[in-house]
Amino acid sequence: MHFDHAGTLDDFPNARVHLQDLEMQFATGRHMLHQGIRFAFNVEDVVAMVRRLYQEKVVFHEGDQQLAPGVSVHHLGGHTMGMQVVRVWTQRGWVVLASDASHFYANMQTGRPFPVLYNVADMFAGWRRCAELADSDEHIIPGHDPLTLQLYPAVSPELEGIAARLDLPPAPMPESVVDAASTGGSMLFKQASE
Ligand SMILES: [Zn+2]
């Protein structure tokens, strides 16, 4: 429910929002007394989610849940209490939309969390879980890495730089990124997929 993920809720008035119980608890509970945690939320987005709840358009989950054949949500925590990822079946296998479980490829590849987080241990465990859920490390899509738009082909020429085909294999990772990963931290990500 961080502002950069929940901030356009009003653009989808008929949508049902799939939310972990713990995310609503996090955004409306005692941890919001701390500016250092609260700053990534916008109270108007939180209030909008509560209004959506009262319209019966929020679906709560506790842990892992299949939403439809080939689409499931998985609770990880770490970044926020209720951080969840989405796993989708595609023509190249199971793809995990990691969202803020790993902002950039480098976070999970070098074992260095993005420094907005609720629980560092769950963040580390979350990378392992992503590796288990995905068919390979090339099937995990970080939530905020501009590289994704370079590695994957655009949906159409008009959507170049906006929307990419994650169901197709990515281009090879640039050498600079591979170098950073190999000189980085514990390579948890790689171990988990081996
Ligand atoms: Zn976030």
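Being a predicted model, the structure only gives us computed values, none of them experimental. (Residues numbered from 1 in each chain as written. Predicted model: local features only at pLDDT ≥ 70, side-chain atom pairs only at ≥ 80, totals over all residues. Heavy atoms only, no water.)

Concerning the coordination of the zinc ion
Summarising the metal site, the zinc ion is bound by the protein donors H2 (ND1), H79 (NE2) and D100 (OD), whose distances to it range over 2.0 to 2.2 Å. Linear spacing of the donor residues for the zinc ion on their chain is H-x76-H-x20-D. With H2 in the segment before α1 (3-6) and H79 in the loop between β4 (71-75) and β5 (84-90), this residue pair connects regions lying 77 residues apart in the sequence. Since its relative accessible area comes to 4%, H79 is described here as buried. (Donors = N, O, S within 2.8 Å, 3.2 Å for Na, K, Ca; no water. Helix = DSSP H or I, 4+ residues; strand = E, 2+ residues; numbered from the N terminus. Buried < 20%, exposed > 50% of the residue type's maximum accessible area, 1.4 Å probe, protein only.)

Brief notes about the sheet that holds strand β3 (residues 65-68)
The strand order across the open sheet built from five strands is β3-β4-β5-β6-β7, with neighbouring strands paired in mixed fashion. The sheet is open, and its two edges are formed by β3 and β7 (140-142), each paired on a single side. Geometrically, the sheet is characterised by an average inter-axis angle of 25° between neighbouring strands, direction not taken into account. Judged from the three bridges that link them, strand β6 (residues 93-99) and β7 form a sheet pairing that is parallel. (Pairing = 2+ DSSP bridges. Axes fitted to C-alpha atoms, helices over the stretch in contact; angles between N-to-C directions.)

Some words on the pattern of salt bridges
In this structure the tally under the stated criterion is three salt bridges. As a salt-bridge pair, E132 and R129 come within 3.2 Å of each other at their nearest N and O atoms. Note that E132 and R129 are positioned in helix α6 (residues 120-133) at a spacing of three residues, about one turn of the helix. Residue R165 is joined to D167 by a salt bridge in which the shortest nitrogen-to-oxygen separation is 2.8 Å. Sharing partners across several salt bridges, the network here consists of D64, R129 and E132. (Salt bridge = Lys/Arg side-chain N within 4 Å of Asp/Glu carboxyl O.)

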